[in-house]
Amino acid sequence: MDIAKTFNATVCEEKWYAHWMEKGYFYSQPDDREPFTIVIPPPNVTGVLHMGHMLNNTLQDVLIRKARMQGFNTCWVPGTDHASIATEAKVVKKLADEGIKKSDLTRHDFLKHAWEWKENHGGLILEQLKKLGASCDWNRTKFTMDEALSESVIKVFVDLYNKGLIYRGVRMVNWDSKALTAVSDEEVIHKEVNSKLYYINYSIDGSDEMLTIATTRPETILGDTAICVNPKDERYSHLNGKFALVPLIDRKIPIIFDEYVDMEFGTGALKVTPAHDINDYQLGDKHNLEIIDILNDDGTLNESAKLYVGQDRFQVRENIVTDLAKNKFLVKTEDLVNKVGFSERTNTVIEPKLSMQWFLKTDGLSKPALEKVMDDTIQFHPSKFKNTYRHWMENIKDWCISRQLWWGQQIPAYFFDGNQFVVAETKELALKKAQSINPNITLSDLRQDEDVLDTWFSSWLWPISVFDGIRKPDNEEINYYYPTNDLVTGPDILFFWVARMIMAGYEYQNEMPFKNVYLTGIVRDKQGRKMSKSLGNSPDPLELIEKYGADGVRVGMLLSSAAGNDLLFDESLCEQGRNFSNKIWNATRLVKGWPVQEKEQPAASKVAIQWFEHTFHKTLEAINQSFEKYRISEALMLTYRLVWDDFCSWYLESVKPDYQQPIDAETYQSTLNFLDDLLKLLHPFMPFLTEEVWHLTRERKEDLMISSWPQFTTYNQSILDDFEYASEIITAIRTMRKEKQIAHKESLKLVVKVNHETTTTMDPLISRLVNLSELTYATQPLEGAFSFRVKSNEFFVPINDHLDVEAELEKLQSELSYIRGFLKSVEGKLSNQRFVNNAPENVVAVERKKQSDALSKIAILELQIKSLS
RNA sequence: GGGCGAUUAACUCAGUUGGUUCAGAGUGCCUCCCUUACAAGGAGGAAGUCGGGGGUUCGAGUCCCUCAUUGCCCACCA
């Protein structure tokens, strides 16, 4: 059979994915096996696959494929998130491009457009995941706004409201004036920016005196309702009971005293704008100040501002500074670096704004959620994130869950008689409740709250709601699959999502949502910059897959991404992955190409087989341990070296028959068996290639994907040591051949003088690999030969005219001086009484052994030098 | 401002309870080789005061202190 020289990934990817789908390997339903469940972090329904998803989902697929091979009933639930702000923004933009303004549409019509958009563009990302090889149970694909999931969200809202954990109130919230909605604290990103600090004069009412304040937001002076100074500040004590006038509008505001004010900052005088600053709000609350809200929802100024009405806040900032300067109110400006909050979604500057919102009390919910992570009931990998998590959970604030959007689950609160409201799962139920308050209420009197719920208020239920465990808390599926096993996600959504899922898990299933949380790093470019659309530094994952194959990309992503460490992505990593694919492919070609014959098994093959058997199990043990510790890239690297170095470079080279010669049947079978086991270890990382090769090497009834993970059996370390010894000898001879320019074809003789006990089972292997015609043992050194030493044994290769006596001497001298130096340091330790007395016996014994070894080695070298010179 | 990490070869990173095997891996680099699976390859090689400085200890990448650099999270200083 002719097999292509390089591995063609594309063809085989399509073939096998279709095959696996057809066979239904991805599907899961409860049975008597132990379950292994992963729920996908649902990507934004309108999103496209980026490198972060690639890493994340590769990891999940590795975990799920390995678990499947271990005999678990694996269930990887895929799905998408409705991502209310992001999706609504996209729909608004699309409509705008078509000349339609959102404000001209009814809620109903807008949602029609949104759903249409979702149907057309949604879920593309899931198709892309298939290219990666993700073995999700596609029959279970969920969307956070599916009827069942939305009902779950509403049910939870009503329940929490009834428990008194949800309340409605006017609070200072983070206002996104572009998305026109409140956002939660977690959705505000504080960034350092270069700003200006403006010093502005306020005149004191009834005097010529001026009071100078400093502010970074001069436009808000129009909403000022006080000036505040520190009561200890003697500069201002005479102003007690006085009033100041707001510049330009001459509004009279009190001068108040509060220790909150830092006397050192600016002028020590603070303007107070309770409507637009959280601190000022608290000050206002304390001192009973008037609240003047000067901002419209879209960030323009409203009538209350008196001036600049209708202009944008940043435009007003410029204008007011000009006008203040013109009227001599502006004293000076200073450059200042300060932190400003930006919206995570729209990147617009967040305005603190008073508004009526819905909140969830979180302090009670957070208690078990914190405990179970701290006591490792839920394990974080890496565990360092426990600290971050604890810090957040201990300082958790109430969660603002309402959003002034249309796309999402509408809050099930129904108003009547003005501000009276009831909370119920349906309008009909709400009516009953309302009628118990006012019997005259009819259905048409009820107005549902306009707001929708924060997206995370649906995703926090995800591990439960995908199994319908909210609506039916005791159903077969939730009982079987929950708690899930692993969650793989980025640390950036530790609070948004992970923490809240844990809270919901204990509240609604009385059980953790997952046992392990694997926190991936953030994928950055080679310069360490976060990959982003605006920087254009993110490669297109699908193009990468086309170029390097899905397996190549998977390996590339995993090779250098220890959990929790950021991954500096470089395409060369994928190249390495592709090269590895090709290496395996060619090893297969080699094995497949051998003619097989019943004949005697060469001695070299016999020992090679024995050695590989043992080295395989030693590595398997290490791989299993790495998986248990979620050191996935370590497991991959161990596999990589087992396949490339041990199997290809050593094993195959050892058993490879001479050119066009047949291989004996016994060795051939062993080789195929080894290859089978290696393919199994590789499968979670490289599913496509391995399935292809699996079917190429033998006739199979069973697919690799559903085969069993190799069983670990014990190994004999002394065989591995023996090989180690042999490999040193082989390397020494190879190096010599190279130095002396002796071709591999030219066979050599090797004479061994044993000074140190060793086993010699590897002799046939040595002879085979370095082409020896003779390997003999002697009691005396062979004079006039090239020599080297391994483990104090002496090796001699007669190479006649190739031998350079001077070079030999020099080599021996340098070995000698090295070993003398080594001996000196060992003896230094041993002559230290405190070392001998305090160190454990075995450590001392090791040093003594080093000493005696060094001494005998020195004796050998001295003898040889003498004989040469 | 508070908290948590990181600093080991040119690059990306391992290094678990302080002690054979501890100074490692992969990549890159250098030399030689298109040898009959694979040049997407083979054989060999060089490469590090383990961020600086103290300390504990018979013994320190490993534990403690301190400084420097750097990253992340949280926080209401205008």
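In case you missed it, the structure is sitting above this.
Quick caveat, the model's predicted, so the values are computed rather than measured. (Residues numbered from 1 in each chain as written. Chains lettered and ligands numbered in written order. Predicted model: local features only at pLDDT ≥ 70, side-chain atom pairs only at ≥ 80, totals over all residues. Heavy atoms only, no water.)

Participant: Before we go on, may I ask you to explain the packing of helix α3 (residues 84-97) against helix α4 (residues 107-121) in this structure?
Facilitator: When two helices pack together, their arrangement is given by the angle between the helix axes and the distance between those axes. The N-to-C vectors of α3 and α4 enclose an angle of 105°; their axes lie 10 Å apart at closest approach. Taken together, the axes of α3 and α4 are roughly perpendicular relative to one another. On the side of α3, the interface is formed by Thr-87, Glu-88, Lys-90, Val-91, Val-92, Lys-94 and Leu-95, while α4 contributes Phe-110, His-113, Ala-114 and Trp-117. Each residue belonging to the contact of α3 with α4 can be placed in one class, and the counts come to six nonpolar, two polar and three charged. (Axes fitted to C-alpha atoms, helices over the stretch in contact; angles between N-to-C directions. Helix = DSSP H or I, 4+ residues; strand = E, 2+ residues; numbered from the N terminus. Parallel < 35°, antiparallel > 145°, perpendicular 65-115°, else oblique. Contact = heavy atoms within 4.5 Å. Nonpolar A, V, L, I, M, F, W, Y, C, P; charged D, E, K, R; others polar.)

Participant: Just to check I follow, could you spell out helix α20 (residues 665-682) for this structure?
Facilitator: What sets the pattern is the α-helix's 3.6 residues per turn: residues three or four places apart point alike. In this model α20 runs 25 Å from its N-terminal to its C-terminal C-alpha over 18 residues, within 8% of the 26 Å that 1.5 Å per residue would give. For α20, the tally of buried residues reaches 14 of 18 residues, placing the bulk of the element in the interior. (Expected span 1.5 Å × (residues − 1). Buried < 20%, exposed > 50% of the residue type's maximum accessible area, 1.4 Å probe, protein only.)

Participant: Would you mind going over the sheet that holds strand β19 (residues 420-423) with me for this structure?
Facilitator: Consider a sheet: its strands pair through backbone hydrogen bonds, and that pairing is either parallel or antiparallel. Taken in spatial order, the three strands line up as β19-β18-β20 in an open sheet, and their pairing is antiparallel. Looking at strand neighbours, the two that pair on one side only are β19 and β20 (447-448), the edges of this open sheet. Of the strand pairs in this sheet, strand β18 (residues 413-416) and β19 are connected by four bridges, and their pairing is antiparallel. Counterpart to Tyr-414 in the pairing with β19 is Val-422. Lying on the sheet, helix α11 (residues 427-437) is in contact with β18 and β19; it crosses β19 at an angle near 135°. (Pairing = 2+ DSSP bridges.)

Participant: Is there a simple way to think about the protein's contact with RNA strand B in this case?
Facilitator: Lining the immediate surroundings of RNA strand B are 56 residues, of which Asp-262, Phe-265, Asn-279, Trp-644 and Tyr-659 lie closest. Sugar and phosphate atoms represent 56% of those atoms of RNA strand B found within 4 Å of the protein. For RNA strand B, a sugar or linking oxygen lies 2.5 Å from a polar atom in the side chain of Asn-279. A total of nine residues in the surface near RNA strand B trace back to one element, the largest contributor, which is helix α17 (residues 571-593). Residue classes in the surface near RNA strand B are distributed as 20 nonpolar, 19 polar and 17 charged. (Near = heavy atom within 4 Å. Polar contact = N/O pair within 3.5 Å; in protein donor to acceptor, adjacent residues only side chain to side chain.)

Participant: Just checking my understanding: could you explain the packing of helix α16 (residues 541-559) against helix α19 (residues 632-655) for this structure?
Facilitator: Axis separation between α16 and α19 bottoms out at 8 Å; the angle between their running directions is 120°. One way to sum up the angle between α16 and α19 is to call them oblique. At the point where α16 passes α19, the crossing takes the left-handed sense. Together, Val-555, Leu-558 and Leu-559 of α16 and Ile-632, Ser-633, Leu-636 and Met-637 of α19 make up the contact between the two elements. (Left-handed = near helix turned anticlockwise from the far one by under 90°.)

Participant: It is not clear to me how the nonpolar core should be interpreted in this structure. Could you clarify?
Facilitator: Across soluble globular proteins, you tend to see nonpolar side chains buried next to one another. Membership of the largest hydrophobic core comes to 182 residues, with the highest contact counts inside it found for Phe-380, Tyr-389, Phe-457, Trp-460, Ile-502 and Tyr-651. Among the elements that make up this core, the one with the highest residue count is α19 (12 residues). Not counting residues within four places of it along the chain, the set of residues in contact with Tyr-651 comprises Ala-608, Ile-609, Trp-611, Phe-612, Asp-646, Thr-667, Ser-670, Thr-671 and Phe-674. Counting residues in hydrophobic clusters, the runner-up holds 29 residues, among them Tyr-202, Leu-222, Ala-269 and Ile-294. (Core = buried A, V, L, I, M, F, W, Y, C linked by side-chain atoms within 4.5 Å.)

Participant: What is the right way to look at the sheet that holds strand β30 (residues 786-790) in this model?
Facilitator: Spatial ordering of the open sheet is given by β29-β28-β31-β30, a layout of four strands whose pairing is mixed. Here the strands that pair on one side only, and so sit at the sheet edges, are β29 (772-778) and β30. Between one strand axis and the next, the sheet turns through 20° on average, direction left out of account. The pairing of β30 with strand β31 (residues 793-797) spans five bridges and is antiparallel.

Participant: Explain α17 here, please?
Facilitator: Helix length check: α17 (23 residues) gives 33 Å between terminal C-alpha atoms against 33 Å at 1.5 Å per residue, within 8%. Within the span of α17, buried status applies to Leu-573, Cys-574, Gly-577, Phe-580, Ser-581, Ile-584, Trp-585, Ala-587, Thr-588 and Val-591. The inward-facing, buried residues of α17 abut α16, β25 (567-568), α19, α20 and α21 (687-697).

Participant: What exactly am I supposed to notice about empty space enclosed by the protein here?
Facilitator: If a probe as big as a water molecule is rolled over the atoms, it shows which places are left empty. One pass over the full model with this rule turns up four cavities of 30 Å³ or more. Approximately 70 Å³ is the volume attributed to the largest cavity. Around the largest cavity, the lining residues are Ala-83, Ser-84, Ile-85, Glu-187, Arg-345, Arg-403, Asp-454, Thr-455 and Trp-456. Here the residues of the lining of the largest cavity are counted per class, giving three nonpolar, two polar and four charged. As a volume, the second largest cavity reaches approximately 50 Å³. In terms of lining residues, the second largest cavity is bounded by Tyr-725, Ile-729, Leu-750, Val-752, Thr-758, Thr-760, Asp-763, Ile-766, Leu-775, Tyr-777 and Phe-795. Elements represented by at least two residues in the lining of the second largest cavity include exactly α22 (717-739), β28 (748-753), α23 (763-770) and β29. Looking at the lining of the second largest cavity residue by residue, the class counts come to eight nonpolar, two polar and one charged. (1 Å grid on protein atoms, 1.4 Å probe; cavity = no way out; pocket = protein on both sides within 12 Å on 5 of 7 lines; lining within 4 Å. Points joined across faces, edges and corners; volume = space filled by probe spheres on them.)

Participant: I keep staring at the pattern of salt bridges and nothing clicks. Help me out?
Facilitator: Should their charged atoms come close, side chains of opposite charge can pair. Here the structure, examined in full by the defined rule, presents 51 salt bridges. Note that Lys-94 is salt-bridged to Glu-98, the shortest N-O span being 3.4 Å. Members of the salt-bridge network, linked through shared partners, are Glu-151, Asp-468, Arg-471 and Lys-472. (Salt bridge = Lys/Arg side-chain N within 4 Å of Asp/Glu carboxyl O.)

Participant: For this particular structure, what's the right way to read the packing of aromatic side chains?
Facilitator: Applying the stated criterion to the full structure yields 43 aromatic pairs. A centroid spacing of 4.6 Å and a plane angle of 15° characterise the contact between Trp-392 and Phe-495, whose relative ring orientation is stacked. Separated by 103 residues along the polypeptide, Trp-392 in helix α10 (residues 385-394) and Phe-495 in helix α15 (residues 494-508) bring together distant segments of the chain. Ring geometry for Phe-627 versus Trp-709: centroids 6.0 Å apart, planes at 85°, classification edge-to-face. Placement of Phe-627 in helix α18 (residues 603-628) and of Trp-709 in the loop between α21 and α22 is noted, with a sequence separation of 82 residues between them. Feature note: the residues Phe-157, Tyr-161, Trp-358, Trp-399, Phe-415, Phe-421, Phe-457 and Trp-460 constitute an aromatic cluster, connected by ring pairs. One cation-aromatic arrangement involves Lys-118 over Phe-143; the distance from NZ or CZ to the ring centre is 4.3 Å. Of note, Lys-811 hangs over the ring of Phe-786, and the distance from its end group to the ring centre comes to 3.6 Å. (Phe/Tyr/Trp six-rings, centres within 6.5 Å; stacked < 30°, edge-to-face > 60°. Lys NZ or Arg CZ within 6 Å of the ring centre and 35° of its normal.)

Participant: Is there a simple way to think about the side chain of Glu-187 in this case?
Facilitator: Relative to the elements of secondary structure, Glu-187 occurs in the loop between β6 (181-183) and β7 (188-204). By relative accessible area, which is 5% here, Glu-187 ends up buried. Residues in contact with Glu-187, not counting those within four places in the same chain, are Ile-85, Phe-342, Ser-343, Glu-344, Arg-403, Asp-454, Trp-456 and Phe-496.

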